[in-house]
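# A closer look at the structure
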Amino acid sequence: MLEEVERWLATRSWSAADRPLPALLAAKRAAVPSPTVSVVLPALDEESTVGDIVTVIRRELMEKVPLVDELVVIDSGSTDRTAEVAAAAGARVVHRDAILPRIPALPGKGEVLWRSLMVTRGDIVCFVDADLRDFSADFVSGIVGPLLTDPEVQFVKAMYDRPLGEAAGQGGRVTELVARPLLNLHWPQLAGVVQPLGGEYAARRSLLERLPFPVGYGVELALLVDALHTVGLDALAQVDVGSRKHRHQDGRALGRMAAAIYRTAQLRLSRGHLVRPVLTQFERGADGFVPRTHAVDTEERPPMREIGEYAARRAA
């Protein structure tokens, strides 16, 4: 490990307990102007979990203490009661297709995160996946904390244990098989990031609006790498928030995720294009193995500050 990464681990890795809520609230009130915080939950068919997450954030971080100013669920085309449940729990719900309607929406998590910048106002934007179980408010306060207390910090990732069923620490298979090797080999400054693909992170809007967003699964890797190149390692941080429990995807879905992440890394390494941006996987059918070919996400959205509607809103 690079010496600068060892130093970074010692100076830019914290626990959520290092910044208790009263200290965060005092820091927020003391700043001039006081920064606002938006929490965004990208959601697709998450009716079983999204309501509990919204309820905890509202109760712990908006009603008990006014740390979070805005809580938005972006519904990316759910066919269940995700939107209804989220709204009943107290979130503002916006459908992906209602944001920037002149730009046809593409499927993918990154698309939703990119569009969320258009319908939120916070100086600090915190992203939280909507499939988390046993959710703790520490996931939000922990990663927002360094941004409220240290003006040099620009981008904060959550770190946590990821159990797979009853096996501790066995989650994050794509992280260990694809993302971590890529980062260690090509961006060794990021070798100290514990959960590079984790969906819980916070950043200053002034940084996010300068970054391109891959529309699909590659968005977490892309934002991390691009943030490193834009603001430098010392502006990045990570906070331990405990354990993350969520719905795990099957092996084929993980394969598609891995292909998108590899493509995202390849693009940043060469700024070129894959010769054949598709992935073929196999399923056993009645007559043997059947090939199924899937497109690998190849689209990226430009930095939000280059979008006319966003610039007009900021000027208003």
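The coordinates are above.
Residues numbered from 1 in each chain as written. Predicted model: local features only at pLDDT ≥ 70, side-chain atom pairs only at ≥ 80, totals over all residues. Heavy atoms only, no water.

Helices and strands together make up the secondary structure of the protein chain, namely 11 helices and 14 strands. By principal-axis analysis of the C-alpha atoms, the protein chain measures approximately 65 × 50 × 45 Å. Here the protein chain, with 316 residues, has 53% of them falling under the buried criterion. In the protein chain, of all internal contacts separated by at least 6 residues, the share reaching a separation of at least 24 is 74%. Surface accessibility of the protein chain: about 14,000 Å² in total, with carbon and sulfur atoms responsible for 52%. (Helix = DSSP H or I, 4+ residues; strand = E, 2+ residues; numbered from the N terminus. Buried < 20%, exposed > 50% of the residue type's maximum accessible area, 1.4 Å probe, protein only. Contact = heavy atoms within 4.5 Å. Areas by Shrake-Rupley, 256 points an atom, 1.4 Å probe, with all protein chains shown as cover.)

We now examine the nonpolar core. General note: in soluble globular proteins, nonpolar side chains tend to be found buried as a group. Judged by nonpolar contacts, the single largest core of 49 residues is most densely connected at Phe155, Leu190 and Leu236. Breaking this core down by element, the ones donating at least two residues are β3 (70-75), α5 (109-116), β5 (124-127), α7 (173-186), β8 (201-204), α8 (205-208), α9 (219-231) and α10 (251-270). Here this core gets 7 residues from one element, more than from any other, and that element is α9. Among all residues touching Phe155, those that are not within four sequence positions of it are Leu147, Tyr201, Ala202, Ala203, Leu207, Leu223, Leu224, Ala227, Ala235, Leu236 and Ala237. Formed by 45 residues, the second largest nonpolar core is a distinct cluster that contains Val54, Ala130, Val156 and Ala202. (Core = buried A, V, L, I, M, F, W, Y, C linked by side-chain atoms within 4.5 Å.)

Below, the discussion takes up the packing of helix α3 (residues 50-63) against helix α4 (residues 82-89). In contact at an axis separation of 8 Å, α3 and α4 are set at 20° when each is read in the N-to-C sense. In terms of orientation, α3 and α4 fall into the roughly parallel class. You can see that α3 and α4 cross each other, and the crossing is right-handed. Of the residues in α4, those touching α3 at Val50, Gly51, Val54, Thr55 and Arg58 are Thr82, Val85, Ala86 and Ala89. (Axes fitted to C-alpha atoms, helices over the stretch in contact; angles between N-to-C directions. Parallel < 35°, antiparallel > 145°, perpendicular 65-115°, else oblique. Left-handed = near helix turned anticlockwise from the far one by under 90°.)

The next thing to look at is unusual backbone geometry. Peptide bonds are mostly trans, and most non-glycine residues show a negative phi. Of note, the amide linkage connecting Val32 to Pro33 takes the cis form, showing an omega dihedral of -5°. With respect to the secondary-structure elements, Pro33 resides in the loop between α2 (21-30) and β2 (37-43). Phi is positive for Asp45, close to 55°, though the residue is something other than glycine. With respect to the helices and strands, Asp45 occurs in the loop between β2 and α3. Using a relative accessible area of 33% as the deciding quantity, one classes Asp45 as partly exposed.

This part covers the environment of Ile99. Mapping Ile99 onto the fold places it in the loop between β4 (92-95) and α5. For Ile99, a relative accessible area of 3% translates into the label buried. Each C-alpha atom, one on Ile99 and one on Leu41, is 15 Å from the other, the two residues being 58 residues apart in sequence. When neighbours within four sequence positions are excluded, Ile99 is seen to be in contact with Ile74, Val94, Arg115, Met118 and Val119.

Spatially, 8 strands are ordered β1-β10-β7-β8-β5-β2-β3-β4 in an open sheet, and the strand pairing comes out mixed. The open sheet has two edge strands with one neighbour each: β1 (13-15) and β4. Within this sheet the neighbouring strands show an average axis-to-axis angle of 25°, counted without direction. By the bridge criterion, 6 bridges tie β2 to β3 in an arrangement that is parallel. Directly across from Leu41, in β3, lies its bridge partner Val73. Each of β2, β3 and β4 is contacted by α4, which is oriented at about 155° to β4, the strand it contacts most. (Pairing = 2+ DSSP bridges.)

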